[in-house]
Amino acid sequence: MASDPPFEQSYNHLFEALSEDQKAKQVHPETNSFANNEIYELPLIDLNRLSLTKSDQDECKREIADAAKQLGFFQVVNHGVSREIITRLQSEQAKLFKHPFREKASERLLDSSMGSYHWGTPSATFLMQFSWSEAFHIPLRGISGLNGFDNVRSPIEEFAEVVGKLAQRIAKILAENIGCESNFFAENCLPSSCYLRLNRYPPCPKSSKLFGLVPHTDSDFLTILHQDLVGGLQLVRDGVWISVKPNPDALIINIGDLFQAWSNGVYKSIEHRVVTNPRVERFSAAYFLCPSNDTIIHSCNQPSVYRSFSFEEYRKQVQEDVKSTGTKIGLPRFIIK
Ligand SMILES: O=C(O)CCC(=O)C(=O)O
Ligand SMILES: [Fe+2]
């Protein structure tokens with residue numbers, strides 16, 4: 001049966017032109033061990049302590065900063081997003097993706113100025129650069145553009161509102177920990193410049209060796225993610241890919257490139273990816289804390305590792321690199337030599 005979205009038909013230059021043997025050579029060298037990666041529980045931080053005594057608060061803040069410095073990834077519980085919102089979001093997200101491919105791709109679902117639908121990887125020239133997934137990219141200023149989709153709009157709005165506040169709270173804690181201007185995020189990362197991405201990873205019958213999402217770092221300050229129980233998210237720890245164990249009660253937080261630059265390399269934007277599952281579909285929802293396009297990102301400590309750049313310049317550079325080389329280069333472009 002054909003997949004939905006029609007990856008193989010539409011990208012047959014990637015899939016068909018290759019013999020089985022060539023395919024095996026083109027996938028990531030360690031993809032054969034996809035299933036055998038260590039299953040790792042991210043550092044689990046209970047945010048309830050932020051409303052307890054000063055020493056509880058300090059301990060909680062220290063754990064957040066330590067995780068952001070060492071692994072770049074952690075998970076939080078008692079984050080303020082109710083189980084009810086998450087359940088509704090998951091159920092409406094699944095329904096949204098169930099619309100026929102033609103409808104999703106025709107932009108009738110989303111007013112195109114308000115959001116966009118993505119599937120596969122148009123810039124991929126070989127299978128290792130290909131992502132077997134589809135996503136709705138929804139700028140928060142555009143939630144009202146989900147024409148006629150009141151059922152999905154309301155859990156998205158509620159999720160984004162609570163997670164947006166959480167993102168601000170975490171960013172402030174991280175800024176204070178390194179003695180930097182903690183109002184920066186409240187001033188520059190308004191909800192109108194942040195966005196949400198709803199991801200779906202269809203079962204991948206062709207090959208369990210394909211990526212659901214290719215290895216990347218996030219181009220924002222920080223990302224807050226909810227994943228379902230299927231699993232598949234992996235990240236690099238000490239140079240080795242490890243699998244993140246899903247926790248239905250937790251939200252995953254990871255540092256993005258902008259925080260790494262702004263903190264002068266103290267907080268780590270870590271490479272991560274999603275691997276495909278041959279039988280089950282997987283869903284995740286991610287909130288990206290972003291500044292306005294004209295915000296200048298400069299290291300808050302000296303001497304600067306990275307030169308200053310605007311968010312717009314960074315995004316354009318990433319897009320250009322992806323278009324011309326098939327992969328994101330990201331922060332290394334901005335290191336002061
Ligand atoms: O689906 C996931 O678990 C990760 C998604 C992700 O990394 C992203 O959207 O940037
Ligand atoms: Fe990501």
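Here the structure is a predicted model, which is why all the values come from computation and not from measurement.

What to know about unusual backbone geometry
- The step from Q302 to P303 runs through a cis peptide bond, and the omega angle for that step is -10°.
- One non-glycine residue with positive phi stands out, namely N78, at about 55°.
- On the secondary structure map, N78 appears in the loop between strand 3 (73–77) and helix 5 (83–98).
- The backbone of D238 sits at a positive phi, close to 50°, despite the residue not being glycine.
- Within the fold, D238 resides in the loop between strand 9 (233–237) and strand 10 (240–244).
- Taking relative accessible area as the criterion, D238 reaches 75% and is therefore assigned exposed.

Regarding the coordination of the iron ion (ligand 2)
- Protein-derived ligands of the iron ion (ligand 2) are H216 (NE2), D218 (OD) and H272 (NE2), with the metal-ligand distances lying across 2.1 to 2.2 Å.
- Sequence positions of the residues that donate to the iron ion (ligand 2) give the spacing H-x1-D-x53-H. One end of the pair, D218, is in the loop between strand 7 (211–216) and strand 8 (222–227); the other, H272, is in strand 12 (residues 272–275), and 54 residues separate them in sequence. Each member of the pair D218 and H272 is classed as buried.

Topic: the confidence of the model for the chain
- The predicted model of the chain has a mean per-residue pLDDT of 90, with 89% of residues at 70 or higher.
- For this predicted complex, the interface score ipTM comes out at 0.99, alongside a pTM of 0.93.

Let's talk about the sheet that holds strand 7
- With mixed pairing, 5 strands are arranged side by side in an open sheet as 1-10-9-12-7. The open sheet has two edge strands with one neighbour each: strand 1 (39–40) and strand 7.
- Taken together, the 2 bridges between strand 1 and strand 10 define a ladder with parallel strand orientation. The residue bridging I39 from the neighbouring strand is S243, located in strand 10.

A closer look at the state of the cysteines
- Scanning all chains against the criterion turns up 1 disulfide.
- Sulfur-sulfur distance for the disulfide between C180 and C300 comes to 2.0 Å. Its S-S torsion of approximately 60° makes the covalent link between C180 and C300 right-handed. Highlighted residues: C180 in the loop between helix 7 (150–177) and helix 8 (184–188) and C300 in the loop between strand 14 (296–297) and strand 15 (309–310), separated in sequence by 120 residues.
- By relative accessible area, C300 is classed as partly exposed at 26%.
- Free of any disulfide, C290 has its nearest neighbouring cysteine sulfur in C194, separated by 5.9 Å.

Cut-offs and rules
- Residues numbered from 1 in each chain as written.
- Chains lettered and ligands numbered in written order.
- Predicted model: local features only at pLDDT ≥ 70, side-chain atom pairs only at ≥ 80, totals over all residues.
- Heavy atoms only, no water.
- Helix = DSSP H or I, 4+ residues; strand = E, 2+ residues; numbered from the N terminus.
- Buried < 20%, exposed > 50% of the residue type's maximum accessible area, 1.4 Å probe, protein only.
- Donors = N, O, S within 2.8 Å, 3.2 Å for Na, K, Ca; no water.
- pLDDT = per-residue confidence, 0-100.
- Pairing = 2+ DSSP bridges.
- Disulfide = S-S within 2.5 Å.

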